[in-house]
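Chains, contacts and geometry: an overview
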Amino acid sequence: MANLTGMYNPEAEAQQDFAPIPSGEYPAQIVESDMKPTKNNNGQYLELTYAVIDGEFKGRKVWVRLNLDNPNAQAVEIANRQFKSIQESAGVLNPTQSEQLHYKPHMIRVELIPAGTSQRNGGVTAKDSNEIRGWKKLDDGIPFDTSAPAAAPARQNAAPWGKQAA
């Protein structure tokens, strides 16, 4: 038997569910970032950790990996387009450190990827997961366009995450 007196905080919140969140648009911000080596050590990717900042899934985390240094030119091209979308959405156009993108709220479009689904790299998912497929400014009322995001003027009478105010 273990004496737990004074060993834990009885007011702590219970651990959140790790199940993927449903497909949809979420206000979020980058809370962590790191360059990591690829699986076969022939390049590296920028991993960004997003936290949802409002709504039913507030506090839930979603990740994106950007293959910015990879022998596959197409993977690098896709990563650069995605990174440009993130920069524009976060309002940080020429970051020199990934931390400059932290805590800059913007919208992300998350897709639920069911288990058994074929992935772009040829693998198949073993369990349900999420993938971030789009980014836009919080005040951008234009639908997501992951290939060439455009900044739109702020809408009048809009709530911070792009929904019409009541």
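Here we summarise the structure given alongside this text. (Residues numbered from 1 in each chain as written. Predicted model: local features only at pLDDT ≥ 70, side-chain atom pairs only at ≥ 80, totals over all residues. Heavy atoms only, no water.)

Focus on the overall build of the protein chain
- When its secondary structure is counted, the protein chain shows one helix and five strands.
- Ordering the α and β elements of the protein chain from the N terminus gives β-β-β-α-β-β.
- In the protein chain, buried positions account for 33% of the 166 residues.
- The contacts in the protein chain between residues at least 6 apart in sequence include a share of 45% that link residues at least 24 apart.
- As displayed, the protein chain has an accessible area near 10,600 Å², and 50% of this comes from carbon and sulfur atoms. (Helix = DSSP H or I, 4+ residues; strand = E, 2+ residues; numbered from the N terminus. Buried < 20%, exposed > 50% of the residue type's maximum accessible area, 1.4 Å probe, protein only. Contact = heavy atoms within 4.5 Å. Areas by Shrake-Rupley, 256 points an atom, 1.4 Å probe, with all protein chains shown as cover.)

Quick notes on the sheet that holds strand S1 (residues 24-37)
- As summarised here, the arrangement of the five strands in space is S3-S2-S1-S4-S5, forming an open sheet in which the pairing is antiparallel. Both edges of this open sheet fall to strand S3 (61-69) and strand S5 (129-136), since each of them pairs with a single strand only. Neighbouring strand axes in the sheet, compared pairwise and without regard to direction, differ in orientation by 40° on average.
- One ladder, built from seven bridges, connects strand S4 (residues 106-113) with S5; its direction is antiparallel. Looking across to S5, one finds that Met107 is bridged to Lys136.
- Together, S1, strand S2 (44-52), S3, S4 and S5 form the strand contacts of helix H1 (residues 73-90), whose direction differs from that of S3 by roughly 125°. (Pairing = 2+ DSSP bridges. Axes fitted to C-alpha atoms, helices over the stretch in contact; angles between N-to-C directions.)

Structural notes on the nonpolar core
- Of all hydrophobic cores here, the largest spans 22 residues; its most connected members are Leu48, Tyr50, Leu66, Ile86, Ile108 and Ile132.
- For this core, the secondary structure elements donating two or more residues are S1, S2, S3, H1, S4 and S5.
- Once residues lying within four places of it in the same chain are set aside, the contact partners of Ile132 are Tyr50, Val62, Trp63, Val64, Ile108, Arg109 and Val110. (Core = buried A, V, L, I, M, F, W, Y, C linked by side-chain atoms within 4.5 Å.)

Details of the side chain of Thr38
- Within the fold, Thr38 resides in the loop between S1 and S2.
- Leaving out residues up to four positions away in the same chain, Thr38 has contacts with Gly43, Gln44, Tyr45, Asn67 and Asn70.

Here's the deal with the pairing of S4
- Inspection of the sheet shows S1 paired to S4 by five bridges, in the antiparallel sense. Looking at the pairing, Pro27 lines up with Met107 of S4.

A word on the packing of aromatic side chains
- Scanning the model with the defined rule gives one aromatic pair in all.
- Ring geometry for Tyr26 against Phe57: centres 6.1 Å apart, planes inclined by 85°, an arrangement best described as edge-to-face. You can see Tyr26 sitting in strand S1 and its partner Phe57 sitting in the loop between S2 and S3, a full 31 residues away along the chain. One exposure class covers both Tyr26 and Phe57, and it is buried. (Phe/Tyr/Trp six-rings, centres within 6.5 Å; stacked < 30°, edge-to-face > 60°.)

What about the pattern of salt bridges?
- Counted under the stated rule, the structure contains seven salt bridges.
- The residue Glu25 makes a salt bridge to Lys136 at a minimum N-O spacing of 3.4 Å. Of the two residues, Glu25 sits in strand S1 while Lys136 sits in strand S5, which places them 111 residues apart along the sequence.
- On the basis of relative accessibility, which here comes to 10%, the residue Lys136 falls in the buried class.
- Within this structure, Lys36, Glu47 and Arg65 form a network of salt bridges that share partners. (Salt bridge = Lys/Arg side-chain N within 4 Å of Asp/Glu carboxyl O.)

Description of H1
- Between the first and last C-alpha of H1 there are 25 Å, a value that for 18 residues agrees with the 26 Å anticipated at 1.5 Å per step.
- Of all the residues in H1, the buried ones are Ala75, Val76, Ala79, Gln82, Phe83, Ser85, Ile86, Gln87, Ser89 and Ala90.
- Taken together, the buried residues of H1 touch S1, S2, S3, S4 and S5.
- The residue sitting at the N-terminus of H1 and contributing the capping side-chain oxygen is Asn72; that oxygen lies 2.9 Å from the backbone nitrogen of Gln74.
- Looking one or two places after H1, you find Gly91, whose phi comes out positive at around 75°. (Expected span 1.5 Å × (residues − 1). Polar contact = N/O pair within 3.5 Å; in protein donor to acceptor, adjacent residues only side chain to side chain.)

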